[in-house]
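So the chains spell out like this:
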Amino acid sequence: FRAIGLLGHSEGSAVVAEAARDNKNVSFVISAAGVGLPGIDAIVLQDDAELKLKGVSDADRAVVTGYSRRFYEAVAKHAVVAEREAAIAALKASLT
């Protein structure tokens, strides 16, 4: 074989894109029904949809998804575990 490709479906599309980025032997990626939003936006929308299905009010969903977004952004921003934990601790402290 001359080319190695990866196929990902739905959120798997993001996984194969990252795998291809990190592997020089991968020549192409096929994304089937990939997420069309930045990852954090997609996760926050999923969180909101789940809360809505559970009957959580619009106002409470806004509070929870606002916190969720800040949490996901802190996790994504800090690759060093100690920095990530400090950012999450600061976020928790801001809630009280």
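Structure: above.
What you are looking at is a predicted structure, and each value in this text was computed from that prediction instead of being measured.

1. Some words on the overall build of the chain
Looking only at helices and strands, the chain has 4 helices and 2 strands in total. Taken from N to C terminus, the helices and strands of the chain fall in the order β-α-β-α-α-α. Radius of gyration (C-alpha) of the chain: 17 Å, far over the 12 Å computed for a compact globule of 96 residues. The C-alpha extent of the chain, read off along each of the three principal axes, is 60 × 35 × 15 Å. Counting every position in the chain, which comprises 96 residues, the buried fraction comes to 18%. Contacts in the chain between residues at least 24 apart in sequence constitute 36% of all its contacts with a sequence separation of at least 6. Accessible surface for the chain amounts to roughly 7000 Å². Of this, 60% is attributable to carbon and sulfur atoms. Taken together, the 11 basic and 12 acidic charged side chains of the chain have centroids lying 5 Å from each other.

2. Some details on helix 1 (residues 12-21)
Turning to helix 1, its buried residues number three or more, namely S13, V16 and A20. End-on, the buried residues of helix 1 take up no more than an arc of 65°, which puts them together on one face. Summarising the geometry of helix 1, the exposed residues directed more than 90 degrees from the buried face are V15 and R21. Structurally, helix 1 contributes buried residues whose contacts are with strand 1 (4-9) and strand 2 (26-32).

3. Side note on the packing of aromatic side chains
Within this structure, the stated rule accounts for 2 aromatic pairs. Measuring from ring centre to ring centre gives 6.5 Å for Y67 and F71, while their planes differ by 25°; the resulting arrangement is stacked. Here the residue Y67 and the residue F71 both occupy positions in helix 3 (residues 58-77), the gap between them amounting to 4 residues, near one helical turn. The class for Y67 is partly exposed, based on a relative accessible area of 22%. Overall, the relative accessible area of 26% leaves F71 in the partly exposed class. Both rings, one in F71 and one in Y72, keep their centres 5.8 Å apart while their planes meet at 70°; by these two values the pair is edge-to-face. Among the aromatic residues, ring-to-ring pairing joins Y67, F71 and Y72 into one connected group.

4. Overview of the pairing of strand 1
By the bridge criterion, 6 bridges tie strand 1 to strand 2 in an arrangement that is parallel. Of the residues in strand 2, the one forming a bridge with L6 is V29. Regarding topology, helix 1 serves as the crossover connection from strand 1 to the parallel strand 2, and that connection is right-handed.

What counts and what doesn't
Residues numbered from 1 in each chain as written. Predicted model: local features only at pLDDT ≥ 70, side-chain atom pairs only at ≥ 80, totals over all residues. Heavy atoms only, no water. Helix = DSSP H or I, 4+ residues; strand = E, 2+ residues; numbered from the N terminus. Rg over C-alpha atoms; globule rule 2.2 N^0.38 Å. Buried < 20%, exposed > 50% of the residue type's maximum accessible area, 1.4 Å probe, protein only. Contact = heavy atoms within 4.5 Å. Areas by Shrake-Rupley, 256 points an atom, 1.4 Å probe, with all protein chains shown as cover. Lys, Arg positive; Asp, Glu negative; His and termini not counted. Charge placed at Lys NZ, Arg CZ, Asp CG, Glu CD. Arc of directions from axis to C-beta. Phe/Tyr/Trp six-rings, centres within 6.5 Å; stacked < 30°, edge-to-face > 60°. Pairing = 2+ DSSP bridges. Right-handed = clockwise from strand over helix to strand, strands pointing away.

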